[in-house]
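Coordinate inspection notes
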Amino acid sequence: MNRGRIPSSRRLRFLILLASMVLLAVLAVLVTVRRGPAVPQPIAFNHLKHTSDLGLACDFCHKYVRTGAHAGLPDAGTCSMCHRAPQGDSAEAARVTELLEAGDPLRFNKLFRLPDHVFYTHRRHVGIAELECAICHGQIAETERPPARALVRVSMDSCMDCHRERGQTLDCNACHR
Ligand code: HEC
Ligand code: HEC
Ligand code: HEC
Ligand code: HEC
Ligand code: HEC
């Protein structure tokens with residue numbers, strides 16, 4: 001009798017193990033889909049080195065952050081101001097100079113994008129209200145390589161929370177035009 005039960009309880013354990021592995025795989029896929037794919041960049045840019053060590057202001061590279069809806073990302077034109085000639089002795093800095101010589105446009109990619117139905121402008125929030133970048137973007141200025149995803153998830157709730165705190169508009173039509 002005992003000899004008959006051992007294999008069946010082993011089979012049960014095997015089935016439980018299999019089921020939990022399938023469940024884990026499904027969970028992993030769901031989490032990745034929710035967080036979105038990793039955003040690739042042409043160069044492992046180092047914010048800390050350029051902002052903290054070299055003292056460059058944010059709007060040196062994000063030109064329209066005080067005046068436009070979009071802050072803008074730098075491209076080959078901005079980087080070549082310095083990297084046309086070799087800078088420092090890291091391999092990644094050497095690669096920048098190489099890519100510039102080859103005529104690469106150095107297209108950087110945005111980490112997140114608001115849906116088209118939302119109206120947002122940096123001019124109001126940075127140019128006029130003088131809000132800190134880190135409130136909406138986290139400590140990206142201290143990163144030494146590009147984050148794969150936005151450090152802070154901007155959502156309707158995060159917009160509304162600050163607007164409520166600071167007595168700003170909660171009117172649907174102000175943000176949805
Ligand atoms: C005002 C000059 C200046 C501009 C503009 C500039 N860089 Fe640099 N960059 C430097 C200097 C100087 C270094 C070397 C610093 C060191 O090694 O201490 C450097 C280093 C680097 C490094 C190596 C970082 C590391 O981790 O060692 C990379 C990568 C880099 N730059 C990419 C870029 C890219 C991409 C752009 C354009 C978006 C850019 N830089 C714009 C001056 C500049
Ligand atoms: C020398 C150029 C340079 C300077 C100066 C610079 N950045 Fe950037 N920034 C970049 C590049 C290149 C990227 C894209 C690669 C990356 O994320 O590292 C980027 C990406 C970003 C992003 C991601 C935007 C998104 O969601 O797609 C934010 C936010 C940002 N920078 C904030 C700042 C702040 C805040 C400062 C000033 C403290 C600053 N940057 C200074 C070059 C620069
Ligand atoms: C009140 C929130 C808020 C503040 C403060 C803020 N940003 Fe942004 N930023 C956003 C949002 C939202 C987006 C995405 C906009 C879109 O996709 O239309 C964005 C996008 C960006 C981008 C990606 C490129 C682009 O133009 O879309 C950069 C770079 C950036 N911000 C830099 C900065 C810098 C530098 C500061 C500080 C000087 C700053 N931001 C302050 C909310 C903010
Ligand atoms: C940390 C605080 C803060 C956050 C976060 C914030 N806002 Fe604002 N917002 C303000 C302030 C302050 C003003 C008023 C600026 C001025 O004086 O013009 C404003 C103004 C606005 C206006 C102009 C309203 C009008 O009366 O026409 C719009 C639109 C807007 N915000 C959209 C957004 C959206 C969309 C988000 C989220 C992606 C957001 N805001 C996140 C503080 C914030
Ligand atoms: C201060 C700005 C702001 C105001 C005011 C605002 N929204 Fe939004 N709303 C947003 C942002 C930003 C998103 C995009 C969120 C995202 O992509 O995760 C959004 C998304 C939405 C969506 C899409 C579904 C979702 O949750 O992503 C609906 C529906 C919506 N808002 C309805 C409303 C209604 C109704 C009102 C008025 C009661 C309102 N919103 C007021 C900023 C705002």
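Residues numbered from 1 in each chain as written. Chains lettered and ligands numbered in written order. Predicted model: local features only at pLDDT ≥ 70, side-chain atom pairs only at ≥ 80, totals over all residues. Heavy atoms only, no water.

Let us look at the site of ligand 2. Every one of the 21 residues lining ligand 2 counts as a neighbour, but His 47, Cys 58, Cys 61, His 62 and Leu 111 are closest to it. One of the side-chain nitrogen or oxygen atoms of His 62 is found 2.8 Å away from a nitrogen atom of ligand 2. Leu 111 is positioned with one of its backbone polar atoms (N or O) 2.6 Å from an oxygen atom of ligand 2. Broken down by class, the residue content of the shell around ligand 2 amounts to 15 nonpolar, 5 polar and 1 charged. (Near = heavy atom within 4 Å. Polar contact = N/O pair within 3.5 Å; in protein donor to acceptor, adjacent residues only side chain to side chain. Nonpolar A, V, L, I, M, F, W, Y, C, P; charged D, E, K, R; others polar.)

On to the pattern of salt bridges, then. Taken as a whole and assessed by the stated rule, the structure comprises 3 salt bridges. Here Glu 130 makes a salt bridge to Arg 66, at a shortest N to O gap of 3.1 Å. One end of the pair, Glu 130, is in the loop between helix H6 (122-128) and helix H7 (133-137); the other, Arg 66, is in the loop between helix H3 (58-61) and helix H4 (76-83), and 64 residues separate them in sequence. Judged by its relative accessible area of 37%, Arg 66 falls in the partly exposed class. (Salt bridge = Lys/Arg side-chain N within 4 Å of Asp/Glu carboxyl O. Helix = DSSP H or I, 4+ residues; strand = E, 2+ residues; numbered from the N terminus. Buried < 20%, exposed > 50% of the residue type's maximum accessible area, 1.4 Å probe, protein only.)

This paragraph deals with the coordination of the iron atom of ligand 2. Within the first shell, the iron atom of ligand 2 binds the protein through His 47 (NE2) and His 62 (NE2), at distances of 2.0 to 2.1 Å. Viewed at the metal, the 6 donor atoms of the iron atom of ligand 2 are separated by angles of 88 to 179°, and the geometry they form is octahedral. Of this pair, His 47 sits in helix H2 (residues 47-53) while His 62 sits in the loop between H3 and H4; the two residues are 15 residues apart in sequence, bridging distant segments of the chain. A relative accessible area of 21% means that His 62 is categorised as partly exposed. (Donors = N, O, S within 2.8 Å, 3.2 Å for Na, K, Ca; no water. Tetrahedral: all angles 85-135°; square planar, octahedral: opposite > 155°, others 65-115°.)

Let us look at the layout of surface pockets. In this structure, the second largest pocket encloses a volume near 350 Å³. Forming the walls of the second largest pocket are 15 residues, and the residues nearest its centre are Arg 34, Arg 35, Phe 112, Ala 150 and Arg 153. The class makeup of the residues in the lining of the second largest pocket is 9 nonpolar, 1 polar and 5 charged. (1 Å grid on protein atoms, 1.4 Å probe; cavity = no way out; pocket = protein on both sides within 12 Å on 5 of 7 lines; lining within 4 Å. Points joined across faces, edges and corners; volume = space filled by probe spheres on them.)

What follows concerns the packing of aromatic side chains. Enumeration over the complete set of coordinates arrives at 0 aromatic pairs. The aromatic ring of Phe 119 is capped on one face by Arg 177, whose charged end is 3.7 Å from the ring centroid. (Phe/Tyr/Trp six-rings, centres within 6.5 Å; stacked < 30°, edge-to-face > 60°. Lys NZ or Arg CZ within 6 Å of the ring centre and 35° of its normal.)

A few words on the coordination of the iron atom of ligand 5. Protein-derived ligands of the iron atom of ligand 5 are Met 156 (SD) and His 176 (NE2), with the metal-ligand distances lying across 2.0 to 2.2 Å. One can describe the donor arrangement at the iron atom of ligand 5 as octahedral, given that its 6 donor atoms subtend angles of 86 to 178° at the metal. With a gap of 20 residues between them, Met 156 in helix H8 (residues 156-165) and His 176 in the segment after helix H9 (172-175) connect regions that are remote in the sequence. Classification of Met 156 by relative accessible area gives exposed; the value is 52%. Exposure remark for His 176: the relative accessible area of 31% places this residue in the partly exposed category.

On their own, these measurements won't tell you what the molecule is for.
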